[in-house]
Amino acid sequence: EIAEVTASTPDPGNGRFLREANGEPSGTVLNHPAMDVFRRLWPPDLLNVKAYETSILNPQALFASMGVTSFQDVYARSMDRMQAYFNVAQRGEMTIRGQVMNVLEYIQELDGRIADIEAIRYEDDYMRFGGAKFQADGGLEASYTHEPSNSIANMPIWKPEDLNEAVKAFHDAGYQVAIHTGGDAAVDMALDAIENAMNKNPRPDPRHRIEHSVLNTNSALQRQKDLGVVISTQPTLIRAFADAIERLWGEERMQRIIPTRTWLDMGVPLALSSDAPSMPWWDPQSTLFASVVRASMSKKPVSPEQAMTIEEAMYAHTMGGAYADFAEGKKGSLEPGKFADLAVWHDNPYTVATEDILKLTVDLTMVGGKV
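What counts, and at which threshold
- Residues numbered from 1 in each chain as written.
- Predicted model: local features only at pLDDT ≥ 70, side-chain atom pairs only at ≥ 80, totals over all residues.
- Heavy atoms only, no water.
- Helix = DSSP H or I, 4+ residues; strand = E, 2+ residues; numbered from the N terminus.
- Rg over C-alpha atoms; globule rule 2.2 N^0.38 Å.
- Buried < 20%, exposed > 50% of the residue type's maximum accessible area, 1.4 Å probe, protein only.
- Contact = heavy atoms within 4.5 Å.
- Areas by Shrake-Rupley, 256 points an atom, 1.4 Å probe, with all protein chains shown as cover.
- Lys, Arg positive; Asp, Glu negative; His and termini not counted.
- Charge placed at Lys NZ, Arg CZ, Asp CG, Glu CD.
- Patch = residues over 30% accessible without salt bridge, like charges linked within 9 Å, V, L, I, M, F, W, Y side chains within 5 Å.
- Salt bridge = Lys/Arg side-chain N within 4 Å of Asp/Glu carboxyl O.
- Pairing = 2+ DSSP bridges.
- Right-handed = clockwise from strand over helix to strand, strands pointing away.
- Axes fitted to C-alpha atoms, helices over the stretch in contact; angles between N-to-C directions.
- Arc of directions from axis to C-beta.

Colleague: Would you mind showing me how to read the overall build of the protein here?
Modeller: On a plain count of helices and strands, the protein comes out with 13 helices and 11 strands. Taken over the C-alpha trace, the protein has a radius of gyration of 21 Å; the compact-globule value for 371 residues is 21 Å, and the two agree within 12%. By its C-alpha atoms, the protein is 60 × 50 × 45 Å across when sized along the principal axes. Here the protein holds 371 residues, and the buried ones make up 51% of them. Long-range pairs, those at least 24 residues apart, make up 71% of the contacts in the protein with a sequence separation of at least 6. Split by element, the accessible area of the protein, about 16500 Å² in all, is 53% carbon and sulfur. For the protein, the distance from the average position of its 34 positive side-chain charges to the average position of its 51 negative side-chain charges is 2 Å.

Colleague: Looking at this model, I keep getting lost on a nonpolar patch on the surface. Mind explaining?
Modeller: A contiguous nonpolar patch, built from Ile2, Phe38 and Leu41 and spanning about 300 Å² of accessible area, is present on the exposed surface. With respect to the helices and strands, the residue Leu41 is situated in the loop between α1 (32-39) and α2 (49-57). Taking relative accessible area as the criterion, Leu41 reaches 43% and is therefore assigned partly exposed.

Colleague: Before we go on, may I ask you to explain the pairing of strand β8 (residues 230-233) in this structure?
Modeller: Here is the key point about a regular strand: its side chains alternate between the two faces of the sheet. Burial along β8 is two-sided: Val230 and Ser232 facing one way and Ile231 and Thr233 facing the other are all buried. Looking at chain direction, strand β7 (residues 209-212) and β8 are connected through 3 bridges and run parallel. From the neighbouring strand, Glu211 faces β8, where its bridge partner is Ser232. Once the chain exits β7 it traverses helix α8 (residues 218-227) before rejoining the sheet at β8, and the crossover so formed is right-handed. Relative to strand β9 (residues 270-272), β8 is paired through 3 bridges, and the arrangement is parallel. Its bridge partner being in β9, Thr233 is matched across the sheet by Leu272.

Colleague: Looking at this structure, how should I read α1?
Modeller: Owing to its 3.6 residues per turn, the α-helix brings residues three or four apart onto one side. Looking only at α1, the buried set comprises His32, Pro33, Ala34, Asp36 and Val37. If you follow the buried residues of α1, they end up packed against β1 (16-19), β2 (25-30), β3 (70-76) and β5 (127-135).

Colleague: What should I look at first to understand the environment of Met366 in this one?
Modeller: With respect to the helices and strands, Met366 occurs in strand β11 (residues 362-366). By relative accessible area, Met366 is classed as buried at 19%. Sequence spacing of Met366 and Asp125 is 241 residues, and the spatial spacing of their C-alpha atoms is 15 Å. Leaving out residues up to four positions away in the same chain, Met366 has contacts with Thr69, Ala340, Asp341, Leu342 and Val371.

Colleague: Please explain the sheet that holds β7 as it appears in this structure.
Modeller: Hydrogen bonds along the backbone pair up the strands of a sheet, which may run parallel or antiparallel. Judged by pairing direction, the sheet is parallel, and its 7 strands sit side by side in the order β3-β4-β5-β6-β7-β8-β9 without closing on themselves. Unpaired on one side and paired on the other, β3 and β9 mark the two borders of the sheet. Sheet twist, expressed as the average angle between the axes of neighbouring strands with direction ignored, equals 25°. As judged from the 5 bridges shared by β3 and strand β4 (residues 97-103), these two strands associate in the parallel manner. In the strand pairing of β4, Asp73 is matched with Val100. The strands that helix α6 (residues 160-172) touches are β5 and β6 (176-181); relative to β5, the one it contacts most, it runs at about 165°.

Colleague: Could you clarify how one ought to interpret helix α5 (residues 113-120) in this entry?
Modeller: Within α5, burial applies to Arg113, Ile114 and Ile117. Summarising the axial view, the buried residues of α5 lie within an arc of 100°, below the 170-degree limit, and thus occupy one face. Residues of α5 that are buried make contact with α4 (79-90), β4, β5 and α6.

Colleague: Looking at this model, I keep getting lost on unusual backbone geometry. Mind explaining?
Modeller: Phi is mostly negative for residues that are not glycine, and the peptide bonds are mostly trans. In this structure, Pro277 follows Ala276 across a cis peptide bond, with omega equal to 5°. Locating Pro277 in the fold gives a position in the loop between β9 and α12 (284-292). Even without a glycine there, the phi angle at Ser213 is positive, about 50°. Checked against the element boundaries, Ser213 lands in the loop between β7 and α8. Since its relative accessible area comes to 0%, Ser213 is described here as buried. A positive phi angle is found at Lys299, which is not glycine, with a value near 70°.

Structure (structure tokens):
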């Protein structure tokens, strides 16, 4: 009512107001163009720089207690949030290391954005700006697939030509881009944008990323390898959502999601992460467990031949994450000359029974030699 969204209100762009049978809005909204209709109603001081600084300071001890020494926030949408990260780092208040990416939801946001970021950007060993994040499609209910699905809206968020322009702008400025993809059509759209930027302006090792890369065609897998794309994915998505994915995409496509074994065998750079806070589990144990045990919440196996070993999963969650951040020479493994960032596990994760991975605890977390 406050937003004045009624049965006659048109859907905004690629956003959707979901509706009851009589056409009245149900209260559920899909994709950011629809969400922004309500975000505009927030009090202007609700999320300011100080509030963002608090949200950066408070979780650091929680993450450290889980054995997390580094994070990558690929969803810093507002300039205030970017400024907050740089302020906290500049004051020396980062206790774990972070990398942040700025999200653009609309092509109109591109104008002047790179200059605005460079005007405030700060970097040290605890914080750095990575580049730009885009969403080719929405969450699974709003995924974009080649074949029909039971999702609410089978459509992209960005127009292909707009995504190409925005990706190329950050590529030309020397930055990395990360593109969220759920459906296979979204993956192809992301690869098209990356390939377009690289062809028009070849530069060594841009290391562009695809986030999630849930459903892929065989040709997309080969293109990911050929383009040197980093796959940043979350096996916990299988555990949380495979049952829903089967309803949306069917059994055959559900069994093809997140093909970690194929990526490893092809030599595609693979980074594992939690996708916190969009997933129910933030801890590394859950990521490692889901990598080894590919099963849904109903315990249905999901292409078990794609499972990783615990050694492979640990490497992708440490060195893989460091590589995705251009930081493999500084962290991700315990070697002379690297940061003294480490976690001490109470039990040996390489030898415990698979079902006990979730029970593993961390006795100590050290960042830069400081406990």
